Amino acid sequence: MNEDVVLLHGGAGSKDSFSERLSKYAMECSNIKDSLEAVIHSVRLLEDDPEFNAGTGSVKRIDGSIQMDAAVMIPGKLGSVIGIERVKNPVEVARMVMEKTPHLILEGDGATTFARKMGFHDYDPSTERSENIWKKTVEYLSGKNEEMPKRYENYLKFSDMFDIPKSTDTVGAVARIDGKFAGAVSTGGASPMMRGRVGDVPLPGCGIYVGEKGAVVATGIGEEIIRRMFCHNIYMQIGKESLRNILEREVEAFNGIEVGVIAVSGDEHASFSNTSMATGLFSR
Ligand code: GLY
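None of these values were measured; they are calculated from a predicted model.

**Thoughts on the overall build of the chain**
Along the backbone of the chain there are nine helices and eleven strands. Taken over C-alpha atoms, the radius of gyration comes to 18 Å for the chain, in line with the 19 Å a tight globule of 284 residues would show. A total of 284 residues make up the chain; the buried ones form 57% of that total. Of the side-chain charges in the chain, 33 are positive and 41 negative, and the distance between the mean point of each set is 1 Å.

**What to know about the pairing of strand E7 (residues 208–211)**
Here E7 runs beside strand E8 (residues 214–220); their pairing, made up of four bridges, is antiparallel. Across the sheet, residue tyrosine 209 finds its bridge partner in E8, namely valine 216.

**A few points about the site of the ligand**
Near the ligand, the surroundings consist of Asp169, Thr170, Thr187, Gly189, Ala190, Arg197, Gly199, Asp200, Gly220, Ile221 and Gly222. Within the side chain of threonine 170, one N or O atom sits 3.0 Å away from a nitrogen atom of the ligand. Relative to its free-state accessible area of 200 Å², the ligand is covered by the protein chains to the extent of 100%. Its residues assigned to classes, the shell around the ligand comprises two nonpolar, six polar and three charged.

**Brief notes about unusual backbone geometry**
Both trends apply: most residues other than glycine have a negative phi, and most peptide bonds are in trans. The omega torsion across serine 191 and proline 192 is 5 degrees, close enough to zero to call that bond cis. Looking at where proline 192 falls in the secondary structure, it is placed in the loop between strand E6 (180–187) and E7. Unusually for a residue other than glycine, arginine 86 sits at a positive phi of about 55 degrees. Of note, arginine 86 is situated in the loop between strand E3 (77–84) and helix H3 (90–100). By relative accessible area, arginine 86 is classed as partly exposed at 38%. One non-glycine residue, asparagine 255, lies in positive phi territory at about 50 degrees. Tracing the chain through its elements places asparagine 255 in the loop between helix H9 (243–252) and strand E9 (259–265).

**Remarks on the packing of aromatic side chains**
Aromatic ring pairs are reported here in terms of the distance separating the ring centres and the angle at which the planes meet. Applying the stated rule across the entire model yields three aromatic pairs. Ring centres 5.4 Å apart and planes at 65 degrees place the aromatic pair phenylalanine 18 and phenylalanine 52 in the edge-to-face group. Taken as a pair, phenylalanine 18 in the loop between strand E1 (5–9) and helix H1 (19–27) and phenylalanine 52 in the loop between helix H2 (35–48) and strand E2 (68–74) lie far apart in primary sequence, 34 residues in all. Across the pair, phenylalanine 52 and phenylalanine 18 agree in class, each one buried. Sitting above the plane of the tyrosine 235 ring, lysine 213 keeps its charged end 5.1 Å from the centroid.

**Describing the pattern of salt bridges**
Applying the stated criterion across every chain yields a total of 16 salt bridges. Linking aspartate 122 and arginine 116 is a salt bridge whose minimum nitrogen-to-oxygen distance equals 3.3 Å. Here aspartate 122 falls in the partly exposed class, since its relative accessible area comes to 45%. Judged by its relative accessible area of 32%, arginine 116 falls in the partly exposed class. The closest approach of N and O atoms between glutamate 250 and arginine 249, which form a salt bridge, is 3.8 Å. On the basis of relative accessibility, which here comes to 13%, the residue glutamate 250 falls in the buried class. One network of salt bridges, in which partners are shared, links Glu37, Arg95 and Glu99.

What counts and what doesn't
Residues numbered from 1 in each chain as written. Predicted model: local features only at pLDDT ≥ 70, side-chain atom pairs only at ≥ 80, totals over all residues. Heavy atoms only, no water. Helix = DSSP H or I, 4+ residues; strand = E, 2+ residues; numbered from the N terminus. Rg over C-alpha atoms; globule rule 2.2 N^0.38 Å. Buried < 20%, exposed > 50% of the residue type's maximum accessible area, 1.4 Å probe, protein only. Lys, Arg positive; Asp, Glu negative; His and termini not counted. Charge placed at Lys NZ, Arg CZ, Asp CG, Glu CD. Pairing = 2+ DSSP bridges. Near = heavy atom within 4 Å. Polar contact = N/O pair within 3.5 Å; in protein donor to acceptor, adjacent residues only side chain to side chain. Areas by Shrake-Rupley, 256 points an atom, 1.4 Å probe, with all protein chains shown as cover. Nonpolar A, V, L, I, M, F, W, Y, C, P; charged D, E, K, R; others polar. Phe/Tyr/Trp six-rings, centres within 6.5 Å; stacked < 30°, edge-to-face > 60°. Lys NZ or Arg CZ within 6 Å of the ring centre and 35° of its normal. Salt bridge = Lys/Arg side-chain N within 4 Å of Asp/Glu carboxyl O.

Structural measurements only, silent on function.
See the structure below:
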């Protein structure tokens, strides 16, 4: 049996210097003997850390609301929430969808109502940081700040649709424990974005894929990840060459559009990104 591995990332754009913190979070899994427990524990720690764009500290939509996405996956099973609001740990709700409902994905009000029924109390995930990012977004989109990053340009075309309003991205974890795989992801989304916009995180094959050959989770601009069915595409190549080579080639195919990925297979683990991305690893 190959070693147990838990690998975490803090999102495309997260400072590499956060890797020490992520390694501490990964070490917290040292007593966990189950891959699903390990990835959920890891992602919960990242959701509770306001430096990352998931759970507490999630970025706001253009209208100022916070809608979060999260998913968990093990071979043959998925739980996912889309646009959930006012809960502390979306990844835990995604797990409940997998374990307590006949469904795979719940969205919007239905996801939030389900969370309340499962005992998740009302929680405001906004922070001073997310408020500041949103204020900048409003400035850019209203033309009050001329140093506008390129990614806002598309939004200006639609500016009359909004009442006019850089963050890091998704957090995620993959694990192989006792030869069993699991993955988990959580995000506030990719700012700037409209209310109701859905990214890659809650969509199986896009921001997450786990099967009998391994686990893959992604971070970056959701629209680009969805177009490529990024995680399933990588998963299908597992075993054909080294995991590191597969990740590198698939990330490079994004031609500089910000993206990152972590993965475990039966005998390897790897991470690759075309931007800064904090990672943490525990193995035994
Ligand atoms: N990768 C997160 C998102 O695009 O929503």
